[in-house]
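If you want the building blocks of each chain, they are given just below.
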Amino acid sequence: RFEGVTMAPPDPILGVSEAFKADTNSMKLNLGVGAYRTEELQPYVLNVVKKAENLMLERGDNKEYLPIEGLAAFNRATAELLLGADNPVIKQERVATVQGLSGTGSLRLAAAFIQRYFPDAKVLISSPTWGNHKNIFNDARVPWSEYRYYDPKTVGLDFDGMISDIKAAPNGSFVLLHGCAHNPTGIDPTSEQWEIIADVIQEKNHIPFFDVAYQGFASGSLDEDASSVRLFVSRGMELFVAQSYSKNLGLYAERIGAVNVICSSSDAAARVKSQLKRLARPMYSNPPVHGARIVANVVGDPALFSEWKSEMEFMAGRIKSVRKRLFENLSQKDKSGKDWSFILKQIGMFSFTGLNKAQSDNMTNKWHVYMTKDGRISLAGLSLSKCEYLADAIIDSYHN
Ligand code: PLP
Ligand code: TYF
């Protein structure tokens, strides 16, 4: 019966880790998946997470089902973190928040909503974008097309291309935007550019759809990393936001995130929320409680909340320090005169090196540096002591 089933291709990002595991070379480096490592290149569980888990044991929390929309204390906390606790849209109850299965599940739930209520609309996604975006919209049967984003000549933002593609799309399209720390390029619009993007989206009656997977992890500040979303909200726009706590709390495997829909009235928000719940129920019924409690416990306790901010700043700072060291090593060692300063301008967990597929293959085959074939490296998987080796690998791969 299953003879007709064909082999599915591996995930281009998660598949890299499997190839890495199979490599026995002692110099090997896994810069594929975006997951934070310590300077010793070990996974890291935040201290605040352990403390929040202890609180659960002390309180004797049970494992009863959550409501379909998730844990109330989490939903409140997540909307406040995103928008700022005193944002008028929260007081006016114009935000429909539903707990999701991390960023991916939240995007998928929002996509199902778009498919049901806006069957004629398409979603615009950046070129390039996180690979899973296309899969998510394909499986939800939401049509999508790309807007220009990355300019290989400058290894920077193709802002004019982006604006003209958003203008050229049919009125009322959804525009998927990375809230901060664009994946895979690490290139974000400036605050002036965000204003212009918001102008064009408003002119065209488009609906912004923010993917916020790195709040607090890019700059080290929760507020700064949410400024793009808050700008759009302050203009009175209706919008979607998918949030993830995989990176900023290191809760990758707990699958905790949320969908927030900012609506024009509290009535509309109540109706939207009821429909999100209706979509969730036949898919997974109700979300897991553990990660939601961790977030709620951390945000709900002033001491834990401030400790979280310090740990997040520390993680963001470690990534910035390897970024700087890599730039210095490349600049010193590369005798070709190439300008490597684009690496310093990129933000977040990743650097887009500009290496093409053949060069990326050379990185892996000759140097045992595992990375995605689009030239992206995860700086979160790099230590200061490995920067020099990586610089040698990059220079060799560029010039061969
Ligand atoms: N969106 C972007 C842009 C990402 O980089 C990621 C991965 O971190 C996600 C969404 C979702 O990840 P998760 O489902 O682990 O929250
Ligand atoms: O881009 C990354 O590396 C992270 C992690 O299917 C990730 O966003 C990668 C692939 C995937 C889910 C998460």
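All of these numbers come straight from a predicted model, not from anything done at the bench.

**Student:** I keep staring at the site of ligand 2 and nothing clicks. Help me out?
**Tutor:** Near ligand 2, the surroundings consist of D11, I13, L14, V33, G34, W130, N132 and N183. Residues that form the shell around ligand 2 fall into these classes: four nonpolar, three polar and one charged. No fewer than three residues from each of domain 1 (8-45 + 310-398) and domain 2 (65-300) sit in the shell around ligand 2.

**Student:** I would appreciate a short explanation of the UniProt feature "domain: Aminotransferase class I/classII large" (unreviewed entry) in the chain in the present structure.
**Tutor:** On the UniProt side, "domain: Aminotransferase class I/classII large" (unreviewed entry) is annotated at positions that read residues 28-394 here. Annotated as 47% helix and 15% strand, the span residues 28-394 places its first and last C-alpha atoms 14 Å apart.

**Student:** Can you walk me through the site of ligand 1 in this structure?
**Tutor:** Close to ligand 1 lie 14 residues; S102, G103, T104, S244 and S246 are nearest. When residues of the shell around ligand 1 are assigned to their parent elements, the largest contribution, three residues, is made by helix α5 (residues 102-117). Class assignment for the residues of the shell around ligand 1 results in three nonpolar, nine polar and two charged.

**Student:** Help me understand the confidence of the model for the chain in this model?
**Tutor:** Note that predicted coordinates carrying low pLDDT should not be read in detail. On average, the chain scores 96 in pLDDT, and the residues at 70 or more come to 100%. What the predictor reports for the complex is a pTM of 0.97 with an ipTM of 0.96.

**Student:** Just to check I follow, could you spell out the sheet that holds strand β3 (residues 123-127) for this structure?
**Tutor:** Strand pairing in a sheet takes place through backbone hydrogen bonds and is either antiparallel or parallel in direction. Spatially, β2-β10-β9-β8-β7-β3-β4 is the arrangement adopted by the seven strands of the open sheet, whose pairing is mixed. Each of the sheet's edge strands pairs with one partner strand only, and the pair in question is β2 (95-101) and β4 (144-148). Neighbour-to-neighbour, the strand axes of this sheet turn through a mean angle of 25°, independent of strand direction. The sheet contact formed by β3 and β4 spans five bridges and is parallel. Within β4, the position partnered with S126 by the bridge is Y147.

**Student:** Whenever I open this one, helix α3 (residues 72-83) confuses me. Can you help?
**Tutor:** Since there are 3.6 residues in each turn of an α-helix, residues three or four apart along the chain are aligned in direction. Between its first and last C-alpha, α3 extends 17 Å over twelve residues, near the 16 Å set by a 1.5 Å rise per residue. Residues of α3 that are buried include every one of F74, N75, A77, T78, A79, L81, L82 and L83, and no others. Backbone geometry just after α3 places G84 at a positive phi near 95°.

**Student:** Please clarify how helix α15 (residues 357-367) should be interpreted in this entry.
**Tutor:** Taken together, the buried positions of α15 are occupied by S360, M363 and T364. For α15, the arc enclosing every buried residue in end-on projection is 85°, short of the 170-degree limit, so these residues lie on one face. Along α15, the residues that are exposed and aim more than 90 degrees away from the buried face are A358, N365 and K366. Looking at the buried positions of α15, the neighbouring elements they touch are β12 (369-370) and α16 (387-398).

**Student:** Please explain the environment of A52 as it appears in this structure.
**Tutor:** Inspection of the secondary structure puts A52 in helix α2 (residues 47-59). Between the alpha carbons of A52 and N183 there is a distance of 29 Å; along the sequence they are 131 residues apart. Contact partners of A52, with chain neighbours within four places excluded, come to I294, N297, V298 and L304.

**Student:** I'm lost on unusual backbone geometry in this one. Help?
**Tutor:** Note on backbone geometry: most residues besides glycine have negative phi, and most peptide bonds are trans. Geometrically, the link from S127 to P128 is a cis peptide bond, its omega value of 0° lying close to zero. Within the fold, P128 resides in the loop between β3 and α6 (132-139). Note that the residue after N183, namely P184, is joined by a cis bond; omega there is 15°. Among the structural elements, P184 can be located in the loop between β7 (174-178) and α8 (191-203). A positive phi angle, near 50°, is found at V155, a position not held by glycine. Structurally, the position occupied by V155 is in the loop between β5 (150-151) and β6 (156-157). Of note in the backbone geometry, H368 takes a positive phi value of approximately 65° without being a glycine. Within the secondary structure layout, H368 lies in the loop between α15 and β12. A count of 18 C-beta atoms within 10 Å places H368 in the partly exposed class.

**Student:** So what exactly am I meant to see when it comes to the nonpolar core here?
**Tutor:** Soluble globular proteins: nonpolar side chains tend toward being buried together. One finds A110, V123, L124, F209, V259, V295 and L390 to be the most contacted residues of the largest nonpolar core, which totals 114 residues. By residue number, the principal contributor to this core is helix α13 (residues 302-333), which donates eight residues. Counting contributing residues per domain, this core is built from domain 1 (8-45 + 310-398) and domain 2 (65-300), each supplying no fewer than three. Not counting residues within four places of it along the chain, the set of residues in contact with A110 comprises F209, F240, A242 and V259.

**Student:** Help me understand the packing of α5 against α6 in this model?
**Tutor:** Angle between the axes and distance between the axes: these two values describe a pair of packed helices. At their nearest, the axes of α5 and α6 sit 9 Å apart, and the two run at 35° to each other. Our pair here, α5 against α6, has a crossing hand that is right-handed. Mapping the contact onto sequence places T104, L107, R108 and A111 in α5 and N132, I136 and F137 in α6. Residue composition of the contact of α5 with α6, by class: four nonpolar, two polar and one charged.

**Student:** Looking at this structure, how should I read the pairing of β2?
**Tutor:** Looking down a regular strand, the side chains alternate between one sheet face and the other. Counting buried positions along β2 gives seven out of seven residues, so the element sits mostly inside the fold. In the sheet, β2 pairs with strand β10 (residues 256-262) via seven bridges, with the strands oriented antiparallel. When the bridges of β10 are listed, Q99 appears paired with A258.

Reading the values: the criteria
- Residue numbering note: each chain is counted from 1, following its sequence as written.
- Just so you know, chain letters begin at A and ligand numbers begin at 1, following the order they were written in.
- Residues qualify for local features only when their pLDDT is at least 70, as the model is predicted, and side-chain atom pairs are given and counted only at 80 or more; totals for whole chains, interfaces and linings, by contrast, use all residues.
- All residues are tested the same way: a C-beta atom is placed from the backbone, and lying within 6 Å of a molecule or strand makes the residue near it.
- The residue classification treats Ala, Val, Leu, Ile, Met, Phe, Trp, Tyr, Cys and Pro as nonpolar and Asp, Glu, Lys and Arg as charged. All others, Gly included, are polar.
- Residue ranges labeled as domains rest on an automatic or database domain assignment.
- UniProt positions are given in the numbering used here, feature names are shortened, and annotations may be inferred rather than shown by experiment.
- We count a stretch as a helix when DSSP gives it H or I for four or more residues in a row; a strand needs E for two or more, and each element gets its number in order from the N terminus.
- Per-residue confidence from the predictor is given as pLDDT, running between 0 and 100.
- For two strands to pair, DSSP has to find at least two bridges joining them.
- Lines fitted to the C-alpha atoms define the axes, with helices restricted to the stretch that makes contact. Angles between their N-to-C directions range from 0 to 180 degrees.
- Helices are assigned an expected span. That span is 1.5 Å times one less than the residue count.
- The burial label depends on the number of other C-beta atoms within 10 Å of a residue's C-beta. Counts of 20 or more mean buried, 12 or fewer mean exposed, and intermediate counts mean partly exposed, with C-beta atoms placed from the backbone.
- Here the arc refers to the directions that run from the helix axis out to each C-beta atom.
- C-beta atoms are first placed from the backbone for all residues, and any pair lying within 7 Å is then listed as a contact.
- In this usage, the nonpolar core is the set of buried Ala, Val, Leu, Ile, Met, Phe, Trp, Tyr and Cys residues whose C-beta atoms join them within 7 Å.
- Should the near helix be turned anticlockwise from the far one by less than a right angle, the crossing is termed left-handed; should it be turned clockwise, right-handed.

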